[in-house]
Amino acid sequence: MDVISWGKQNGKRRFKCKNCGIYFTSENKSVSLKNKEVWFKKWIIGKQTYEQISSESGYSISTLQRYFNTMLGKASKLSYSQNKEVYLLIDGTYFSNEICLVVFRDDIFKQTQLYRITDGEHYEEMKEDLENILNLGIKIGGITCDGDKSLLKAIRKVCPKVPVQRCLVHIQRMCKIWLSDYPKSNAGFELREIVCKIHFIDNELKKQYWIKEFLDWFETHKDFINEKSYSEQTGRYWYTHKMVRR
């Protein structure tokens, strides 16, 4: 076909056929697919919302949802470390109110052992997932998680002898939320400084130093932490500084 370039239309290059005079645009499917993969990664890894990606890409929200659901259905098959002792990192990431990706990943071999696309972190599902991992012949040497109650219940049911550690980053994040950016009390301010060091703990010695600093803080502010308030109207007691105590 004898064609010449004829400007752009709706952001796409426009062409004209010299023989018949018809105007048309050309779509490069491979480029279009790669572009959509970029937006998919921003949704999965960058955790951008549909609204943000729609505004940036020009695709409608319904188009993005349709494409992303197709991509989720084409997830690659996973390999697993059979007969090796794995140390699982278990966490759920929410992409919307209806989509939750629960991943069981080995921290040493950097391999995802299992994942589930669901609508939340549910006891029955996570219990089934742990059972499936064990049925594959995978030996679980330890588990690190965010302390989700449903997950802890599933672990106690399926593998009660496996050591479980609360993720230090999650602990630190929650403590900062409870204490706020600018604690009003000296006890809260000092505790926040101690909390900010928790993610540096990566061996036994650092752990013991951190625990000692925390216990020293507790002894210094014990009266403040245990202080109670009383309501004469209800006859009820409560801890006055509940967030610091928490």
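Treat the numbers as computed from the prediction; the structure is a model and nothing was measured. (Residues numbered from 1 in each chain as written. Predicted model: local features only at pLDDT ≥ 70, side-chain atom pairs only at ≥ 80, totals over all residues. Heavy atoms only, no water.)

Bringing the overall build of the protein chain into the picture now. Within the protein chain, the regular secondary structure consists of 10 helices and 10 strands. Contacts in the protein chain between residues far apart in sequence, at least 24 positions, make up 37% of those at least 6 positions apart. Approximately 16,900 Å² of the protein chain is accessible, and the part contributed by carbon and sulfur atoms is 51%. (Helix = DSSP H or I, 4+ residues; strand = E, 2+ residues; numbered from the N terminus. Contact = heavy atoms within 4.5 Å. Areas by Shrake-Rupley, 256 points an atom, 1.4 Å probe, with all protein chains shown as cover.)

Let us now look at unusual backbone geometry. With a phi angle near 75 degrees, Ser 180 is a residue other than glycine that sits in the positive phi range. Residue placement: Ser 180 occurs in the loop between α6 (168-179) and α7 (186-195).

This paragraph deals with the environment of Lys 197. Summarising the element assignment, Lys 197 is placed in the loop between α7 and α8 (204-220). Here the alpha-carbon distance between Lys 197 and Trp 210, two residues 13 residues apart in the chain, equals 8.0 Å. Leave out the neighbours within four places in its chain, and Lys 197 touches Gln 172, Trp 210 and Glu 213. For Lys 197, the side chain forms a polar contact with the side chain of Glu 213, separated by 2.9 Å. (Polar contact = N/O pair within 3.5 Å; in protein donor to acceptor, adjacent residues only side chain to side chain.)

Now for the side chain of Gln 113. By the secondary structure assignment, Gln 113 is in strand β6 (residues 111-118). According to the relative accessible area criterion, Gln 113 is buried, its value standing at 5%. Here the side chain of Gln 113 touches Gln 111 through a polar contact of 3.2 Å, landing on its backbone oxygen. (Buried < 20%, exposed > 50% of the residue type's maximum accessible area, 1.4 Å probe, protein only.)

Per the stated rule, a full pass over the model turns up one cavity of 30 Å³ or more. For the largest cavity, the calculated volume is near 40 Å³. Taken together, Lys 36, Trp 39, Tyr 59, Thr 63, Leu 64, Tyr 67 and Phe 68 make up the full set of residues lining the largest cavity. Breaking the lining of the largest cavity down by element, the ones donating at least two residues are α1 (29-44) and α3 (61-73). A total of four residues in the lining of the largest cavity trace back to one element, the largest contributor, which is α3. Split into classes, the residues belonging to the lining of the largest cavity amount to five nonpolar, one polar and one charged. (1 Å grid on protein atoms, 1.4 Å probe; cavity = no way out; pocket = protein on both sides within 12 Å on 5 of 7 lines; lining within 4 Å. Points joined across faces, edges and corners; volume = space filled by probe spheres on them. Nonpolar A, V, L, I, M, F, W, Y, C, P; charged D, E, K, R; others polar.)

Attention shifts here to the packing of aromatic side chains. Overall, the coordinates contain 10 aromatic pairs when judged by the stated rule. With a centroid separation of 4.9 Å and 20 degrees between ring planes, the pair formed by Trp 43 and Phe 68 is classed as stacked. Placement of Trp 43 in helix α1 and of Phe 68 in helix α3 is noted, with a sequence separation of 25 residues between them. Just as Trp 43 is buried, Phe 68 falls in that class too. (Phe/Tyr/Trp six-rings, centres within 6.5 Å; stacked < 30°, edge-to-face > 60°.)

Moving residue by residue along a regular strand, the side chains alternate between the two faces of the sheet. As paired strands, strand β4 (residues 85-94) and strand β7 (residues 139-145) are joined by five bridges and run parallel to one another. Directly across from Val 86, in β7, lies its bridge partner Ile 140. Here β4 folds back onto strand β5 (residues 100-106) in antiparallel fashion, the turn holding five residues. (Pairing = 2+ DSSP bridges.)

Before going further, it helps to spend a moment on α8. Between its first and last C-alpha atoms α8 spans 25 Å; for 17 residues at 1.5 Å apiece the expected length is 24 Å, and the two agree. The opening residue of α8 is Asn 203, an N-cap whose side-chain oxygen sits 3.2 Å from the backbone nitrogen of Leu 205. (Expected span 1.5 Å × (residues − 1).)

With that settled, the discussion passes to a nonpolar patch on the surface. Together, Tyr 87, Ile 108 and Phe 109 make up a nonpolar patch on the protein surface, roughly 270 Å² of accessible area in all. Residue position: Phe 109 is located in the loop between β5 and β6. (Patch = residues over 30% accessible without salt bridge, like charges linked within 9 Å, V, L, I, M, F, W, Y side chains within 5 Å. Salt bridge = Lys/Arg side-chain N within 4 Å of Asp/Glu carboxyl O.)

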